[in-house]
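Chain and residue survey
What follows is the residue order along each chain.
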Amino acid sequence: MPHYVGPDQPIYGLIDPVQYGQCARHKRVEEIAAHYLEEVRTIQPAGPYFIGGYCFGAMIAFEMAQQLRRGGEGV
């Protein structure tokens, strides 16, 4: 997929630490999404944001979008 977007549209992947054998810090979808938004904002403090995911990541991405919209950000 990265080869379909230009250099002005970087792609960042967020990976659950559990996949690397670490303990889950957040257990609810809302908490995971909020944590990932903190991470995203270290790179891009303001929107609009383009968010995607697949499988469980799609649920997280959807919740991230909901939290951003409630905060007045463009998604």
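Time to look at the environment of Ala33. Here Ala33 is to be found in helix 1 (residues 29-43). Taking the C-alpha atoms as reference points, Ala33 and Gln66, separated by 33 residues in sequence, lie 9.5 Å from one another. Each residue touching Ala33, except ones within four places of it in the same chain, is listed here: Ile60, Glu63, Met64 and Gln67.

What follows is about helix 1. Under the 1.5 Å per step criterion, the end-to-end length of helix 1 is 22 Å for 15 residues, consistent within 8% with the ideal 21 Å. Every buried residue belonging to helix 1 is among Ile32, Ala33, His35, Tyr36 and Leu37, and all of these are buried. For helix 1, the secondary structure elements touched by its buried residues are helix 2 (56-70).

What counts and what doesn't
Residues numbered from 1 in each chain as written. Predicted model: local features only at pLDDT ≥ 70, side-chain atom pairs only at ≥ 80, totals over all residues. Heavy atoms only, no water. Helix = DSSP H or I, 4+ residues; strand = E, 2+ residues; numbered from the N terminus. Contact = heavy atoms within 4.5 Å. Expected span 1.5 Å × (residues − 1). Buried < 20%, exposed > 50% of the residue type's maximum accessible area, 1.4 Å probe, protein only.

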